[in-house]
Structures are given as structure tokens and as C-alpha cells.
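Letter by letter, the chains look like this.
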Amino acid sequence: LPRPTLLREQHYQYLKKGLRHLSDSYECLDASRPWLCYWILHSLELLEEPIPAAVASDVCQFLARCQSPTGGFAGGPGQHAHLAPTYAAVNALCIIGTEEAYNVIDREKLLDFLWSVKQPDGSFVMHVGGEVDVRSAYCAASVASLTNILTPKLFEDTPSWILRCQNWEGGLGGVPGLEAHGGYTFCGTAALVILGKEHMLDLKALLRWVVSRQMRFEGGFQGRCNKLVDGCYSFWQAGLLPLLHRAFFKEGESQLSRQRWMFEQQALQEYILLCCQNPAGGLLDKPGKSRDFYHTCYCLSGLSIAQHFGNVDLHHELILGKEENRLAPTHPVYNICPEKVAQALQHFHQLPVPEADQRHGASTDMRAGVTAGIA
Amino acid sequence: KLFLIVIVDSLVHWADLEPVPQDDGPNPVVKIAYSEKFSDVYDYFRALLKKDERSDRAFALTAEAIELNAANYTVWHYRRVLLQALQKDLREEMRYITDIIEEQPKNYQVWHHRRMVVEWLNDPSEELEFIADILSQDAKNYHAWQHRQWVIQEYKLWDNELEFVEKLLEEDVRNNSVWNQRHFVISHTTGYSSPAILDREVQYCLNQIRKAPHNESAWNYLKGILQDRGMSSHPGLLEQVLELKETHCSPYLLAFLVDCYEDALENNNQKETLNRALEVCEYLAQEKDTIRKEYWLFLQRSLESRFGPSAASGEPLADGTEPPAGQQELS
């Protein structure tokens with residue numbers, strides 16, 4: 001077999017076009033446009049393609065229009081705020097990393113929004129009047145930590161709620177009782193890492209579960225036991241191994257490798273490069289499926305994880321194929337480049353943590369947006 | 001349907017309302033090439049939302065907007081506001097949401113909407129049958145299982161669920177969602193504490209393993225129900241598994257053996273047990289489960305470090321640190 005090649009130029013053209021124009025097949029993502037910004041910008045940063053200043057500024061202005069007057073970001077201009085596009089918007093703005101980008105975020109209102117979706121049991125609904133699952137804790141913890149609006153009270157009882165999502169399989173489900181699933185396991189674990197509580201998980205059981213999700217023939221990862229491989233789990237599942245490595249290290253584990261993550265890095269790179277690339281650009285779930293920006297983002301993110309071991313001090317690379325296949329490293333908690341994480345933290349930690357206006361308590365559908373009484 | 005099309009297209013019925021175009025700004029990004037229908041419907045939707053109009057035409061329009069993009073959670077929220085404000089027939093709404101879910105079963109908003117309607121009606125009577133129908137089309141639909149667990153827990157409908165689980169496992173013993181449901185039902189009803197139940201479940205697992213030795217779900221379930229109680233606590237299990245190793249071997253069986261040995265070591269650190277554990281780890285890493293080589297080698301080093309001779313004798317560990325004081329002498 002010839003050495004696999006990452007189709008850089010084709011992916012770049014696909015991404016460059018998508019950042020401006022999308023066909024009507026994207027109508028189904030009309031309530032997820034900040035996601036489209038993040039998936040595309042993150043893919044470009046992994047490919048180390050620069051974002052022209054004009055484009056970056058246009059993204060900032062668009063995301064500003066997606067910001068809700070009551071805080072948080074919506075799926076599009078005029079829509080209601082939702083934790084998922086909020087996560088995506090903040091990440092996209094941090095990738096851009098200019099003063100203009102950081103200044104888009106109304107931190108005071110963002111904190112109000114987070115309080116408005118917080119539930120008494122420690123969980124968060126995804127939006128006012130919306131559903132609860134562990135994604136919300138990750139989205140909330142991610143944006144709160146990056147923009148320095150995190151207070152202990154905001155995440156009171158959240159770690160114990162997330163822990164209830166770890167089940168008999170060792171992975172985490174979307175809510176307590178559900179089947180362990182790669183996406184939800186990533187969200188729960190990464191949220192706990194942000195909150196400094198990852199040690200509360202049964203890490204050994206989680207480790208056994210996630211390594212068991214790598215497919216012995218395909219090399220890629222499945223999302224759940226006895227289901228099929230999917231390129232996007234290259235990030236959601238494989239991305240857990242850097243998190244667990246760090247968690248074990250913090251616990252004093254002495255037998256961790258100093259060169260490799262605890263998954264078969266080469267096999268994952270082979271799966272992505274040989275099975276998940278569209279020759280016209282873009283990446284995908286598995287052969288026979290259509291390309292899309294979500295899979296492009298997460299296949300590339302997984303490829304990056306598989307290529308790069310270590311942290312700031314210790315770095316070991318394993319690039320399958322040509323050196324040109326090398327992607328930029330990605331931060332396993334936030335899934336944007338580590339430099340952008342550091343830069344954002346540096347910027348926002350110079351600013352004071354806003355005083356929270358907690359009067360906007362968790363609202364039901366019927367009382368959406370109405371202040372629940374004045375103290 | 002034709003009536004609805006007339007509503008949307010008829011300027012007579014909408015003449016009083018100025019449509020609100022989407023404000024993407026002068027230099028849009030991720031600009032979607034909406035169809036004319038899509039733009040029209042959403043331009044009018046934005047107008048209604050701006051006015052907070054609570055009318056039948058608004059209600060009808062939400063259905064159009066949903067059909068064009070069922071993931072628009074703002075439209076769903078507005079539809080719920082209208083359902084209450086206009087005192088709409090919730091039974092009819094149940095029929096509507098049933099149809100929508102059948103068409104688009106992998107969407108968050110449709111299931112959440114159904115949950116709200118069921119709560120408002122305080123009537124779960126259709127749910128188990130409906131969910132069973134969705135599962136008959138995709139037996140692993142995550143939203144369906146989530147809704148099912150919510151209904152069962154909220155309305156205490158536990159009675160027939162184990163039977164449902166058994167039926168689905170007969171259809172596909174490899175359906176991991178069903179194994180999860182089994183655990184859900186039992187842990188919330190009888191629990192696993194009683195020896196009778198635990199034994200029944202262990203036997204059930206072993207029977208399924210004999211029929212389908214490479215079914216990871218059955219092995220995971222077996223481990224899952226025993227791990228907090230001690231894998232080696234179940235009498236004769238290790239022996240049964242060692243027997244199965246001859247005719248029904250699999251990487252899952254070998255992993256289970258490692259877990260049994262590890263559990264045994266925690267209670268009684270014996271050199272022979274450790275050696276067996278290390279041997280199986282080596283076998284898995286090099287031959288039987290090579291995709292997980294890094295993991296099995298880590299586990300091997302970890303077991304050696306925790307239970308091996310250097311752990312007790314005071315010799316430095318591989319990374320040059322001293323072992324903790326007060327370790328038990330090996331027998």
C-alpha cells in the first residue's frame with residue numbers, strides 16, 4: 001500500500017468555500033451556524049491555514065449577531081440562546097483570538113445565561129425550556145473557564161450529577177441510566193477535568209471502556225459497544241486518552257508510557273487517512289457516507305490526537321505517511337489549538353469575574369425570560 | 001397541506017404582517033443558500049416572533065417552519081407557548097408529534113417536545129408502545145431509549161420492562177442498548193444484592209456467552225454486575241470461565257480473567273495469581289487483542305507494580321521512586 005496522504009489542498013478548498021457559502025442541504029443546520037464557524041475554523045487551524053483578517057472580522061461580526069440580548073449565543077441571528085452554539089461561538093472566537101473577537105463576548109450576560117439554564121440538581125438544560133444532558137455541563141464549563149466567569153457556586157452539584165452518568169460499562173451516558181456513549185463520555189470527562197474533579201470518576205473502568213471502543217479491524221472507534229465505526233469518534237473517544245493520561249498522572253500513576261497514548265495511534269491514522277477522506281475535499285464517517293463539516297472537524301481533530309503525544313514539556317510525534325500529513329496539535333479539553341487556549345485564558349483572566357445576577361433562576365417554558373421575583 | 005400552502009403564499013392572509021428578513025449583516029459567513037420557501041416561511045416566522053403574536057396562523061406556521069428545519073429549537077419553544085396560549089388540543093398535538101418523530105427519529109427537539117406534551121397531559125399511556133415501534137425500526141435509537149427510561153421512571157411503569165428486554169435480546173443478543181436497559185430495570189427494581197438475583201443474572205450471561213462467545217455486551221454486563229461485589233466472590237465462576245476458555249475463547253474472556261485475577265490479588269496477593277494475570281496481559285497485548293497493546297502493557301506494568309515483588313521488598317520502582325511503606329510481605 002502506498003503511504004497514505006492527507007488531501008490538504010482539497011480539504012482547504014472545501015473549508016474555504018464553506019466558510020462563506022453553503023448549499024441548501026445545510027438548511028438542517030440553520031439553527032447551528034456558530035457550529036459551522038467552529039468546525040470550519042478549527043479544521044483550518046489544524047491544517048495550519050491562516051484565516052485572512054477580513055474573514056476573521058466577518059466571523060466576529062456574524063457571531064455578534066448570533067449573541068442573544070439576554071446572554072449566550074444562538075444558532076443564528078434572532079434565535080434563542082443555546083449552550084451548544086454558545087460553546088461553538090466562544091471556541092470560534094478564541095481560535096480567531098483577536099481583541100475584536102474577545103470583545104464580542106458579553107461576559108456579564110453570558111454568566112446570566114448560564115445561571116438561567118442551571119438546574120437545582122447540578123445539571124444544566126441546553127436552553128431555556130430545553131432538555132438536560134451531560135453535553136450542557138461541558139458547554140457551560142468550557143465557556144465559563146475560557147472567559148473567566150467561573151465561580152464555584154455556578155457549578156455546585158454539577159460534578160456529582162456528571163458522576164451519576166458513569167454506568168456499569170465504565171463509560172458515561174447522556175443522563176444517569178443511559179448507555180455509555182463516546183460523545184457524552186467525552187463531555188462528562190472533559191467537564192470534570194475543567195472543574196478539577198476528574199478523580200471522582202472510576203478512571204480504571206472508564207479507561208477499560210474507552211480503549212475497548214477501538215475497532216480491531218477498522219482501527220477507528222465506535223461510539224458504543226457493538227455498534228459501527230465512525231470517523232467522528234476519532235476525537236470523542238480517542239480524545240479521552242490524553243485526558244485520562246493526565247488524570248492518572250495527577251493521581252500518582254507511575255507506569256504511564258512517556259511516548260504513547262493508550263490506544264493504537266497508527267491504526268487510527270490509517271483509518272482516517274485511508275477510509276475517511278473525500279477525494280474532492282472534506283472528511284466523513286465511513287466509506288460510502290457523504291462529507292460534512294462536522295466530520296471534517298472531528299476526523300482531523302482525531303488525526304491530530306493520534307499524531308501528537310505529550311504536553312508542553314514532553315512531546316512525541318508519530319506521523320503516518322509523509323511529514324506533510326502533520327497537523328497542528330489540539331487541546332484535548334477544548335479542542336482548539338493549545339496556543340489559542342493559553343491566549344484566551346491570559347486575556348480573560350486580566351478581567352474581573354462578573355457579579356452574577358442570580359434572580360434569573362431556572363425557567364420553565366411558560367415563564368421563559370421572566371424574572372422570578374426580586375429579592 | 002394545500003390549505004397551509006395557501007396560508008403561507010396568500011398575501012391576503014399575511015398582508016398585515018411585514019416579513020422580517022434574516023439579519024446576517026453586510027459580509028455574511030456560513031451563508032446558507034435557502035430555498036425560496038424556506039426564506040418565506042422563516043421571514044414570516046421572524047415577524048410573528050417579533051410581535052409575539054399568539055394566533056392560529058402563527059401556530060400553523062410553526063408546523064411549516066418545523067418541517068423545513070425540525071432542529072430549530074426557537075420554533076419549537078414558540079409552538080409550546082402557542083399551545084398553551086391558544087389552549088390547543090394536546091391529544092391532537094400528540095398525534096402530530098408522533099408523526100414527526102416517525103419521520104425524524106434522531107432529532108433532540110422532537111423527543112423533548114413529546115416529553116413536554118406527555119407531562120402536560122400527565123398521560124404516559126401511549127409511550128411504551130410508541131417507543132417500541134420506533135425501536136422496531138432502529139433498536140439502538142438513543143433518544144428513544146432516553147425517553148423510555150424517563151417514562152418508566154417518572155410514571156413507575158417497571159412491571160413489564162424486563163419482559164420487553166428479554167424479547168429484544170432474543171431478537172438481537174448483541175444489542176448493547178438492551179443490555180443497558182436490563183441493568184436499568186434490575187438496578188431500579190430488585191437490585192443485584194440478593195444472591196438469587198445475582199446468580200440468575202450470572203447464569204443468564206453465561207448462557208448467552210455459550211451461544212455467542214464473541215458478544216462483548218454479555219461479557220461487559222457480567223463484569224459490570226460483579227465488579228463492585230468482587231469478581232472472585234462468586235463461587236465457581238473463575239472455574240467456569242477457565243472451562244469456557246477451551247471452547248469459547250475470546251479477547252473478552254481473557255480480559256475477564258485478568259479482572260478476576262486482579263480482584264483475587266486485591267484480597268490475597270499470591271505470586272501464582274500475579275503470574276497468571278501478567279501472562280494473560282502479555283497474551284492479549286502480543287497476540288489476542290493487539291489493537292489494545294498499549295493498554296494491556298500498561299495494565300501489566302501496573303499489576304506488577306502494585307502486587308509484584310518490588311512492591312513489597314522495598315526496592316525502588318521503575319521510575320526510581322520508593323514504594324510506599326507498610327506493604328504486606330508476600331507469603
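Details of the structure are given in the entry above.
These lines cover the structure that appears in this document, whether it is placed above or below. Throughout this document, residue positions are counted from 1 along each chain, in the order its sequence is written. Whichever chain is written first becomes A and whichever ligand is written first becomes 1, with later ones labelled in order. This being a predicted model, a pLDDT of at least 70 is required before a residue's local features are given, and a value of 80 or more before pairs of side-chain atoms are given or counted; all residues contribute to the totals for chains, interfaces and linings. Each side-chain value is worked out from all heavy atoms of the structure, with water and hydrogens disregarded.

## Notes on the overall build of chain B
To keep things clear, this is the line we draw: Numbering of helices and strands starts at the N terminus; helices are DSSP runs of H or I of at least 4 residues and strands are runs of E of at least 2. Burial classes: relative accessible area under 20% of the type maximum marks a residue as buried, over 50% as exposed, and values in between as partly exposed (1.4 Å probe, protein chains only). Per-residue and other accessible areas were derived by the Shrake-Rupley procedure at a 1.4 Å probe size, with only the shown protein chains allowed to occlude residues. Positive charges come from Lys and Arg alone, negative charges from Asp and Glu alone, with His and the N- and C-terminal ends not counted. By convention, the point assigned to a charge is CZ for Arg, NZ for Lys, CD for Glu and CG for Asp.
Across its full length, chain B carries 18 helices and one strand. Across the 331 residues that make up chain B, the buried fraction comes to 54%. Roughly 15600 Å² of accessible area belongs to chain B as shown, and the carbon and sulfur atoms make up 49% of that amount. Placing the 35 positive and 56 negative side-chain charges of chain B at their respective mean positions leaves the two points 2 Å apart.

## Examining the side chain of lysine 140 of chain B
For clarity, the cut-off: When a carboxyl oxygen of Asp or Glu lies within 4 Å of a side-chain nitrogen of Lys or Arg, that pair is called a salt bridge. Pairs of N or O atoms are called polar contacts if they sit within 3.5 Å, as long as, within protein, a hydrogen donor faces a hydrogen acceptor (for residues adjacent in sequence, only side-chain-to-side-chain pairs). Any two residues whose heavy atoms approach within 4.5 Å are treated as being in contact.
By the element assignment, lysine 140 of chain B lies in the loop between helix H8 (127-137) and helix H9 (142-155). Here lysine 140 of chain B occupies a buried position and makes no salt bridge, while the nearest side chain of opposite charge, aspartate 172 of chain B, is found at 4.8 Å. A polar side-chain atom of lysine 140 of chain B sits 2.9 Å from the main-chain carbonyl oxygen of asparagine 226 of chain A. In this structure lysine 140 of chain B touches Arg224, Asn226 and Lys227 of chain A together with Trp145, Arg174, Asn175 and Ser177 of chain B, once residues within four positions along its chain are discounted.

## Structural notes on the interface of chain B and chain A
Often, the extent of an interface is quoted as the loss of accessible area upon association of its parts. The test is simple: Buried surface area refers to the total accessible area, computed with a probe of radius 1.4 Å, that the two partners give up upon joining, counted for both partners together. We call Asp, Glu, Lys and Arg charged. Ala, Val, Leu, Ile, Met, Phe, Trp, Tyr, Cys and Pro are nonpolar, and the rest, Gly among them, are polar.
The interface of chain B with chain A comprises 67 residues on the first partner and 79 residues on the second. Buried surface at the junction of chain B and chain A, both sides included, amounts to about 6500 Å², of which 50% is carbon and sulfur. Per-residue buried area on chain B facing chain A is highest for Val30, Tyr73 and Tyr142 of chain B; these three make up 13% of the total on that side. Where chain B touches chain A, the interface holds six salt bridges. Aspartate 259 of chain B serves as the salt-bridge partner of arginine 208 of chain A, at 2.7 Å between the closest nitrogen and oxygen. Put simply, chain B and chain A have 42 residue pairs in polar contact (both at pLDDT 80 or more) between them. In terms of residues, the side of chain B that touches chain A owes the most to one element, helix H17 (residues 293-307) of chain B, which gives nine residues. By residue class, the composition of the side of chain B that touches chain A is 26 nonpolar, 24 polar and 17 charged.

## What about the packing of aromatic side chains?
All names here are of chain B. Note the threshold: The criterion for an aromatic pair is that two Phe, Tyr or Trp rings (for Trp, the six-membered ring) have centres within 6.5 Å, with stacked assigned to planes under 30 degrees apart, edge-to-face to planes over 60 apart and tilted to the rest.
Tallied over the entire structure, the rule returns 37 aromatic pairs over all chains. Arranged with centres 5.1 Å apart and planes meeting at 40°, the rings of tryptophan 158 and phenylalanine 184 form a pair that is tilted. Of this pair, tryptophan 158 sits in the loop between H9 and helix H10 (161-171) while phenylalanine 184 is found in helix H11 (residues 176-188), placing the two residues 26 residues apart along the sequence. Taking relative accessible area as the criterion, tryptophan 158 reaches 16% and is therefore assigned buried.

## Things to note about empty space enclosed by the protein
Selection criterion: Points on a 1 Å grid, built from protein atoms alone, make a cavity when a 1.4 Å probe fits but cannot get out and make a pocket when they are open with protein on both sides within 12 Å along at least 5 of 7 lines; residues with an atom within 4 Å of a point are the lining residues. Grid points are joined across faces, edges and corners, and a volume is the space filled by probe spheres set on the points.
Tallied over the entire structure, the rule returns four cavities of 30 Å³ or more. For the largest cavity, the calculated volume is near 170 Å³. Ser212 of chain A together with Glu216, Asn220, Tyr252 and Ala255 of chain B are, among the 15 residues lining the largest cavity, the residues nearest its centre. Mapped onto the lining of the largest cavity, the elements with two or more residues apiece are helix H13 (216-226) and helix H15 (251-267) of chain B. Of all the elements, H15 of chain B adds the most residues to the lining of the largest cavity, at five residues. Looking at the lining of the largest cavity residue by residue, the class counts come to six nonpolar, two polar and seven charged.

## Considerations on the pattern of salt bridges
Residues and elements named next belong to chain B. This structure, assessed with the given rule, holds 36 salt bridges over all chains. When the shortest N-O distance is used, the salt bridge between arginine 57 and glutamate 53 registers 2.7 Å. What makes glutamate 53 buried here is its relative accessible area of 11%. Of the charged contacts in the structure, one is a salt bridge between glutamate 171 and lysine 167, with a shortest N-O distance of 3.7 Å. You can see glutamate 171 and its partner lysine 167 sitting in helix H10, four residues apart, about one turn around the helix.

Purely geometric stuff here, so don't read any function into it on its own.
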